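# An overview of the molecular structure
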Amino acid sequence: MVLRFGTGAVAVGIFSLCSFSSASAATLPQIEASPRNAVPQCVTPGRLMAFVRDRNPRLARKYADLSVHYMRIGDELGVRWDYAFYQMLVETGSLTYKGDVSARQNNFAGIGATGGGAPGESFPTVAEGVRAHIQHLMIYAGLRVESPVADRTAKVQSWGILDKWRRRFGGRSVRYSDMTTKWSPGDRGYARDIKSVADRFMQTRCQSEDPEPGLVAGIRSSSNTRVASAGETSQFAQQAIERARNASTATRSSLGAPVTNETVRPRGSLSQGISVLNSNAGSNAAPAASNTPKTPSTERRDDRVASAGSVGRFASNLIGSVKPPASASAEPNSCRVWTASYGGQRALIIKSISKAHVNYTVLDVNSGREEREADAYIAAYAKGGTTIAKFGDPTKALKRAFELCPESAAK
């Protein structure tokens, strides 16, 4: 889209041509998400919607779940959805729609709106409009989109017109700052405006309490999170560590928890749901606690991407959200590795025993509160369990857990 209305954004002044070169906008992240390119911890749907309402106090009620859709679909398709959301705010003038596109179109990125009064495409629901936006970003990043929602996306992908453009980056991943030079080539302040919105959010709402922390729980539990490994390796254990780190990085990008019919939270303080890291964990899922929040409705997910960064059935089976079974006195022959988090950067390994498995939980804890958080977790989910190791780095804790339970890494 050529015309933009950045309500609350920094106005574009007169600068020299070199001021808006691709290099000067290189602070914008890569479009494709990865373990090294994850959404920041404080960026949550609740904070994002509060930020939008700060900029647009008359926000229409139909946008109540807009940030939920961006997070869910962005996670699903492997895109840095936070910057997609910031781009949406720039494109729509914080959802005030004073350009060629109207609010009824659910077109959050001006797809097909090429200027001169052309309104662009329309989508039947808010969720479909978000999916169309994120899919369009995917083709800029060089990711294949199956069954594109937008006609424009299907055409641009079939024409291959972005292939030559991407080659100028020498094989590196495409950044949002790269995308802006092609998305809106006549506007040299586009990347700067997106960055301005991102910076403003980080300086304001990102520093405040999440008004709706339960939103993240529903998103994580209703979506099959896309997992991208940081690098190829032939060892099953190292693959599991990388994928687990990516999954927990994605989950730790918020302060909520994936709570489903198979997960529960201890008394309001556990910031991440409990995930089993082997493939057949669902057979022993326990019922949820009565205070489990309801999850938002899910949309169709028929356009997953098979790319160089994607992983196959092993990874899709790797992450599940279930409650560890209670401990038992006898030690069985099989074992499982779990992850859970109170939001801290330190980690413990908690060993507990059930009738069927030895359970090793990698529990992220806060410095100075390790023992209290471990005790709370053991009391709620690992009765009779004990802390057997402490680490300053959760990744090292995962590695040790897989050494203790190699069968979890091998499945």
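The sections below set out a description of the structure shown in this document.

What counts, and at which threshold
Residues numbered from 1 in each chain as written. Predicted model: local features only at pLDDT ≥ 70, side-chain atom pairs only at ≥ 80, totals over all residues. Heavy atoms only, no water. Helix = DSSP H or I, 4+ residues; strand = E, 2+ residues; numbered from the N terminus. Contact = heavy atoms within 4.5 Å. Areas by Shrake-Rupley, 256 points an atom, 1.4 Å probe, with all protein chains shown as cover. Phe/Tyr/Trp six-rings, centres within 6.5 Å; stacked < 30°, edge-to-face > 60°. Buried < 20%, exposed > 50% of the residue type's maximum accessible area, 1.4 Å probe, protein only. Axes fitted to C-alpha atoms, helices over the stretch in contact; angles between N-to-C directions. Parallel < 35°, antiparallel > 145°, perpendicular 65-115°, else oblique. Left-handed = near helix turned anticlockwise from the far one by under 90°. Nonpolar A, V, L, I, M, F, W, Y, C, P; charged D, E, K, R; others polar. Salt bridge = Lys/Arg side-chain N within 4 Å of Asp/Glu carboxyl O. Arc of directions from axis to C-beta. Polar contact = N/O pair within 3.5 Å; in protein donor to acceptor, adjacent residues only side chain to side chain. Disulfide = S-S within 2.5 Å. Core = buried A, V, L, I, M, F, W, Y, C linked by side-chain atoms within 4.5 Å.

## Focus: the overall build of the protein
Along the protein, the regular secondary structure elements total 14 helices and 6 strands. For the protein, contacts bridging at least 24 residues in sequence account for 71% of all contacts bridging at least 6. Total accessible area computed for the protein in this model is approximately 17,800 Å², and 48% of it derives from carbon and sulfur atoms.

## Regarding the packing of aromatic side chains
Aromatic ring pairs: the centre-centre distance and the angle between the two ring planes describe each pair. For the coordinates displayed, the defined rule picks out 10 aromatic pairs. When the centroid spacing of 5.7 Å and the interplanar angle of 80° are considered together, the rings of tyrosine 140 and tryptophan 165 count as edge-to-face. Taken as a pair, tyrosine 140 in helix 4 (residues 126–141) and tryptophan 165 in helix 6 (residues 161–167) lie far apart in primary sequence, 25 residues in all. Here tyrosine 140 and tryptophan 165 have matching classes, each one buried. Linked through ring pairs, Phe51, Tyr83, Tyr86, Tyr176 and Phe201 together constitute an aromatic cluster.

## Remarks on the packing of helix 1 (residues 45–55) against helix 8 (residues 190–203)
Relative to each other, helix 1 and helix 8 sit at 110°, their axes nearing to 11 Å. The pairing of helix 1 with helix 8 is recorded here as roughly perpendicular in orientation. Crossing of helix 1 over helix 8 shows right-handed handedness. Where helix 1 abuts helix 8, its residues Arg47, Leu48, Phe51 and Arg55 lie against Val197, Arg200 and Phe201. Within the contact of helix 1 with helix 8, the residues separate by chemical class into 4 nonpolar, no polar and 3 charged.

## Side note on the pattern of salt bridges
Counting across every chain of the model gives 10 salt bridges. Measuring nitrogen to oxygen at the nearest pair gives 2.9 Å for the salt bridge that ties aspartate 54 to arginine 205. Within this pair, whereas aspartate 54 is found in helix 1, its partner arginine 205 is found in the loop between helix 8 and helix 9 (214–222), the two being separated by 151 residues in sequence. For the salt bridge of arginine 369 with glutamate 373, the shortest nitrogen-to-oxygen distance reads 3.3 Å.

## Quick look at helix 13 (residues 394–404)
Among the residues of helix 13, those classed as buried are Pro394, Thr395, Ala397, Leu398, Ala401 and Phe402. Buried residues of helix 13, viewed axially, fall in a sector of 155°; they line one side. Two to three positions downstream of the cap, the backbone nitrogen of threonine 395 sits 2.9 Å from a side-chain oxygen, assigning the N-cap of helix 13 to aspartate 393.

## Some remarks on the state of the cysteines
In this structure the tally under the stated criterion is 2 disulfides. A sulfur-sulfur distance of 2.0 Å marks the disulfide that ties cysteine 335 to cysteine 405. Looking along the S-S bond of the cysteine 335-cysteine 405 disulfide, the torsion reads about 100°, which is the right-handed sense. Note that cysteine 335 is positioned in strand 3 (residues 335–341) and cysteine 405 in the loop between helix 13 and helix 14 (406–410), a separation of 70 residues in sequence. Summarising the burial analysis for this pair, cysteine 335 and cysteine 405 share the class buried.

## Considerations on the environment of methionine 202
Tracing the chain through its elements places methionine 202 in helix 8. By relative accessible area, which is 29% here, methionine 202 ends up partly exposed. Along the sequence, methionine 202 and cysteine 42 sit 160 residues apart, while their C-alpha atoms lie 8.2 Å from each other. When residues no more than four places from it in sequence are discounted, the contact partners of methionine 202 are Pro40, Cys42, Val43, Tyr86 and Gln207.

## Focus on unusual backbone geometry
Residues other than glycine seldom take positive phi values, yet asparagine 106 does so here, at roughly 55°. Classification of asparagine 106 by relative accessible area gives buried; the value is 5%. Residues other than glycine seldom take positive phi values, yet serine 147 does so here, at roughly 55°. Note that serine 147 resides in the loop between helix 4 and helix 5 (151–159). The class for serine 147 is partly exposed, based on a relative accessible area of 45%.

## Examining the nonpolar core
Ranked by internal contacts, the top residues of the largest apolar core, which has 65 residues, are Leu66 and Phe108. Where this core is concerned, the elements lending two or more residues are helix 1, helix 2 (66–77), helix 3 (81–92), helix 4, helix 6, helix 7 (176–183), helix 8 and helix 9. Here this core takes 9 residues from helix 4, the largest share from any one element. When residues no more than four places from it in sequence are discounted, the contact partners of leucine 66 are Met49, Phe85, Met88, Leu95, Phe108, Val126 and Val130. Grouped together as the second largest cluster of nonpolar side chains are 14 residues, Val337, Ala347, Ile349 and Leu398 included.

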